[in-house]
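Breakdown of the fold
The residues making up each chain are set out below.
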Amino acid sequence: MGKIAFVFPGQGAQAVGMGQDAAEAFEASRRVYEAADRALGFSVSALCFEGPEDSLRQTANTQPALLATSVALLEAFKARGVRPDFVAGHSLGEYSALVAANVLDFADAIRLVRARGTFMEEAVPSGQGAMAATLGAEREALDALCRDISAAGTQVELANINCPGQIVVSGTAAGVAAVVERGKEAGAKRVIPLDVSGPFHSSLMRPAADRLAAKLDEVAFRDAEVPVIANVTATAVGEGARLRELLVEQVVSPVLWEDSIRYLIGEGVDTFVEIGSGTVLAGLIKKIDKTVRVVSVGNAAGVNEAELG
């Protein structure tokens, strides 16, 4: 039997109604949403279940809502008796992974991601930063193009290495516009501007990283009970103090998702369980390696019916 990794989605996976059927079906899920509401002093659960969508899409709201949903589904799924050999999360999803590995208490984690979302929104004035998804570009060629554009004075960097042929860039509005214009030089078939509130995972986020570092220092981090694959290193990390440091760097560094999945496969993982809203990660993992099994646990039915045998 191969090894199992639990993986948790990040921003972009949110949807109005997420987690509601799980909260109605499982007491463990309902307790997570109640804890989220208490920790933040407003109804995260209502935001998840009822929206409105424009409120759910605000970064400072999206991040705690997605964390609550992933952990609510995780708590219900734990009753199945399945234990992971590794955990990983995409960007924001790394906080869900840290809760799953018992590095962070849930209440601390949800307060941290609420602050993280606020800091990220406030780091760069509206309209000055941007992100875009490139389809078909080679990583090295796209990195070289970004360096060339940045050298001319308009900063742009690789932000998310998602899977072969899908890389997100982030930076100044002018820098990202230059990648949209010149993407073919790096082999991109298409470059699609993203509807986001800031240039996430770029050096422009340093003010947010510095503010987050101060918040992280107030919170207890335990050593991981299960190895966590960090976005920044794409390797297993177990030491709580190191995981805290990497959360700061994650804000300004690319998310090495493709590398993380390849690392896990190299460690013997052949089954990935995506826990949280949507199926974004399942799609990316299948593009990285078609031979692995991916099971999505995104609702009450998924908790009950996930086939892992």
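We now turn to the structure provided with this report.

Definitions and cut-offs
Residues numbered from 1 in each chain as written. Predicted model: local features only at pLDDT ≥ 70, side-chain atom pairs only at ≥ 80, totals over all residues. Heavy atoms only, no water. Pairing = 2+ DSSP bridges. Helix = DSSP H or I, 4+ residues; strand = E, 2+ residues; numbered from the N terminus. Axes fitted to C-alpha atoms, helices over the stretch in contact; angles between N-to-C directions. Salt bridge = Lys/Arg side-chain N within 4 Å of Asp/Glu carboxyl O. Buried < 20%, exposed > 50% of the residue type's maximum accessible area, 1.4 Å probe, protein only. Core = buried A, V, L, I, M, F, W, Y, C linked by side-chain atoms within 4.5 Å. Contact = heavy atoms within 4.5 Å.

Attention now goes to the sheet that holds strand β10 (residues 293-297). Pairing within the open sheet is mixed, and its six strands lie in the order β8-β7-β2-β1-β9-β10. Looking at which strands have only one partner, the edges of the open sheet turn out to be β8 (236-237) and β10. Where strand β2 (residues 86-89) and strand β7 (residues 228-229) come together, two bridges link them in parallel fashion. Residue pairing for β7: Ala88 is matched across the bridge by Ile229.

This next bit is on the sheet that holds strand β6 (residues 190-193). Pairing in this open sheet of four strands is antiparallel, and the strands run β4-β5-β3-β6 from one edge to the other. Looking at the sheet topology across the chains shown, the edges are occupied by β4 (156-163) and β6. The average undirected angle you get between the axes of adjacent strands in this sheet is 25°. Of the strand pairs in this sheet, strand β3 (residues 129-135) and β6 are connected by four bridges, and their pairing is antiparallel. Looking at β6, one finds that Leu135 is bridged to Arg190.

For the rest of this paragraph, the subject is the pattern of salt bridges. Tallied over the full model, the rule gives 13 salt bridges. The shortest N-O distance in the salt bridge between Glu75 and Lys78 comes to 3.0 Å. Separated by three residues within a single helix, Glu75 and Lys78 lie in helix α5 (residues 59-78), roughly one turn from each other. Residue Glu75 is classed as partly exposed on the basis of its relative accessible area of 26%. Assessed through its relative accessible area of 33%, Lys78 is described here as partly exposed.

Right, let's talk about the nonpolar core for a bit. Among the nonpolar cores identified, the biggest contains 80 residues, and Phe6 and Phe106 are the most heavily contacted of them. The dominant element in this core, judged by the number of residues it contributes, is α5, at ten residues. Once you skip the residues sitting within four places of it in the chain, Phe106 turns out to touch Val32, Ala35, Ala36, Leu67, Ala68, Val71 and Val99. Residues Ile149, Ile161, Val169 and Ala188 belong to the second largest nonpolar core, which totals 19 residues.

What is shown is where atoms sit, not what they do.
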